[in-house]
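Coordinate inspection notes
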Amino acid sequence: MIAALVSTKLHHLYKNLFWRSFSTKFAMANSKFEYVRNFETDDRCLPNTWIVVRVDGRGFHRFSEKHEFAKPNDKRSLDLMGKAAGRVMTEFKEICLAYGQSDEFSFVFKRDMDLHKRRASKLMTSVASIFTSAFVFHWPQFFDIPLKYPPSFDGRVVLYPTTQNLRDYLSWRQADCHINNLYNTAFWTLVLKGNLTNAEAEKRLCGTFANDKNEILFSEFGINYNNEPQLFRKGTVLVRDKKKKNEEELEGRLTKDILALNEDIIGDAFWNNHKILD
């Protein structure tokens, strides 16, 4: 019995010595090699600035053709983009607003947030990866055809020191939406309804201004551009609204807390109604 007791104590002694030796060697190994962390770039975003992460579709001209997107706008794709953006906002409560059009979405982080210690690479890759995975995950809800190959989105981080700088950025993106959509509407109307080739339609629109394109649409095809859906002309703005809503008021929402709007964000009316940047 004494021998068994001694044997047990020796077993525990040797076991403890082994793990201490192993732990010491492992710690020494960490100390020896952890210098490589010094090669990491310190990419923390400046404090007290608005952080915008924008994701853009990579090669979406080819992607839209392979997946037979409607021209000049595919509502399914735009709604799917909004759905994916909503998932990003659900994941990151630090995002106060998002704006998207075509194959891009911009996410505005609160200026005082400290998520991931404000590291640009962490924020950019996290947003881009969640957006892309959500786009793929929700694809069957919007399209009847399966994905033919994986879509991808790249990302960038831009800092804006003042609220006016941020508003100007968002105004730029919405102005870009209007300019591109007016051209695409005129171009594809000439092709699909005017029976012009792509080259002929491009030549017809070369050197034209907004008024010229509006005149072509109205006088030749009876299309009043101002009556086109605001989703196409204005893009989509996602905002948070935690007020309790009944079932009828939940229509048009991505979630109970996230509302999708197709409104002008260049003027002051939107910002006066939604105190997002105050």
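See the structure printed just above.
Just so you know, these numbers come straight off a predicted model, no measurement behind them.

Re the overall build of the protein chain
On a plain count of helices and strands, the protein chain comes out with nine helices and six strands. Taken over 278 residues, the protein chain has a buried fraction of 37%. Across the protein chain, every contact between residues at least 6 apart in sequence was considered, and the portion connecting residues at least 24 apart equals 70%. As presented, the protein chain carries roughly 17100 Å² of accessible surface, and 54% of it is formed by carbon and sulfur atoms.

Looking at the side chain of Ser 106
Mapped onto the elements, Ser 106 comes out in strand β3 (residues 104-109). A residue is classified by how much of its surface remains accessible, and Ser 106, at 0% relative accessible area, is buried. What Ser 106 contacts, discounting residues up to four positions off in sequence, is Val 52, Val 53, Arg 54, Leu 97, Ala 98, Tyr 99 and Tyr 169.

Let's talk about the layout of surface pockets
Within this model, the largest pocket holds a volume of roughly 750 Å³. Along its surface, the largest pocket is lined by 32 residues, and Lys 71, Pro 72, Asn 73, Ser 102 and Asn 184 are the ones closest to its centre. The set of elements that each furnish at least two residues to the lining of the largest pocket consists of α2 (60-66), α3 (75-91), β2 (95-101), β3, α5 (163-192) and α8 (230-234). When residues of the lining of the largest pocket are assigned to their parent elements, the largest contribution, eight residues, is made by α5.

Structural notes on the sheet that holds β3
Pairing in this open sheet of six strands is antiparallel, and the strands run β4-β1-β3-β2-β5-β6 from one edge to the other. Looking along the sheet, the strands with just one partner apiece sit at the ends: β4 (153-160) and β6 (258-261). The sheet shows a mean angle of 20° between the axes of neighbouring strands, taken without regard to direction. As paired elements, β2 and strand β5 (residues 236-240) share four bridges and run antiparallel to each other. In the strand pairing of β5, Leu 97 is matched with Val 239. Packing against the sheet, α3 makes contact with β2, β3, β4, β5 and β6, and its axis sits at approximately 20° to β3. Sheet strands in contact with helix α4 (residues 120-142) are β1 (50-57), β3 and β4, and its direction is about 140° off that of β4.

Quick notes on the environment of Arg 54
Of note, Arg 54 is situated in strand β1. Remark: the alpha-carbon pair of Arg 54 and Arg 156, spanning 102 residues in sequence, is separated by 5.5 Å. When residues no more than four places from it in sequence are discounted, the contact partners of Arg 54 are Glu 104, Phe 105, Ser 106, Asp 154, Gly 155, Arg 156, Tyr 169, Trp 172 and Arg 173. At a separation of 3.3 Å, a polar atom in the side chain of Arg 54 contacts the side chain of Tyr 169.

Structural notes on the pattern of salt bridges
For the structure on display, the rule yields eleven salt bridges. Because the salt bridges share partners, they merge into one network encompassing Arg 54, Asp 56 and Arg 156.

What about α4?
Across its 23 residues, α4 extends 32 Å between first and last C-alpha, which sits within 8% of the 33 Å expected from 1.5 Å per residue. Of all bends in α4, the biggest is about 30°, found at Val 136, and the proline Pro 140 comes one to four residues later. Within α4 the residues assigned to the buried category are Ala 120, Leu 123, Ser 126, Val 127, Ala 128, Phe 131, Thr 132, Ala 134, Phe 135, His 138 and Trp 139. Where α4 is buried, its residues meet β1, α2, α3, β3 and β4.

Describing the packing of α5 against helix α7 (residues 210-221)
Where α5 meets α7, the closest approach of the two axes is 10 Å, and the angle between their N-to-C directions is 35°. Here α5 and α7 pass one another in a crossing that is left-handed. Across the interface between the two elements, Leu 182, Tyr 183, Thr 185, Ala 186, Thr 189 and Leu 190 of α5 pack against Ala 210, Lys 213, Asn 214, Ile 216, Leu 217, Glu 220 and Phe 221 of α7. When the residues that make up the contact of α5 with α7 are grouped by side-chain class, the tally is eight nonpolar, three polar and two charged.

What counts, and at which threshold
In this numbering scheme, every chain counts its residues from 1 along its sequence in written order. In keeping with the predicted nature of the model, local features appear solely for residues at pLDDT of at least 70, side-chain atom pairs appear and are counted solely at 80 or more, and the whole-chain, interface and lining totals rest on all residues. Side-chain measures here rest on the full set of heavy atoms in the structure, leaving out hydrogens and waters. Put simply, DSSP H or I for four residues or longer makes a helix, DSSP E for two residues or longer makes a strand, and each gets a number counted from the N terminus. Note on classification: 1.4 Å probe, protein chains only; a residue is buried when its accessible area is under 20% of the maximum for its type, exposed when over 50%, partly exposed between these limits. Every residue pair with non-hydrogen atoms within 4.5 Å of one another is taken to be in contact. Values of accessible area rely on a 1.4 Å probe in the Shrake-Rupley scheme; residue burial ignores everything except the protein chains shown. Site definitions follow a grid-based scheme: protein atoms alone, a 1 Å grid, a 1.4 Å probe that fits but cannot get out for cavities, and for pockets an open set with protein on both sides within 12 Å along at least five of seven lines, plus lining residues having an atom within 4 Å of a point. Grid points are joined across faces, edges and corners, and a volume is the space filled by probe spheres set on the points. Two strands pair under a simple rule: DSSP has to find at least two bridges between them. To get an axis, a line is fitted to the C-alpha atoms, and for a helix only the part in contact is used. The angle between two axes follows their N-to-C directions and goes from 0 to 180 degrees. N or O atoms within 3.5 Å of each other form a polar contact, as long as, within protein, one can give a hydrogen and the other can take it, and as long as residues adjacent in sequence are counted only when both atoms are side-chain atoms. We define a salt bridge as a side-chain nitrogen of Lys or Arg found within 4 Å of a carboxyl oxygen belonging to Asp or Glu. A helix's residues, less one, multiplied by 1.5 Å, set its expected span. The seven residues ending at a residue and the seven starting there each receive a fitted axis; the angle between those axes is the bend at that residue. Left-handed describes a crossing in which the near helix is turned anticlockwise from the far one by less than a right angle; the clockwise case is right-handed. Residue polarity is assigned by list, with Asp, Glu, Lys and Arg as charged and Ala, Val, Leu, Ile, Met, Phe, Trp, Tyr, Cys and Pro as nonpolar; anything else, Gly included, falls into the polar class.

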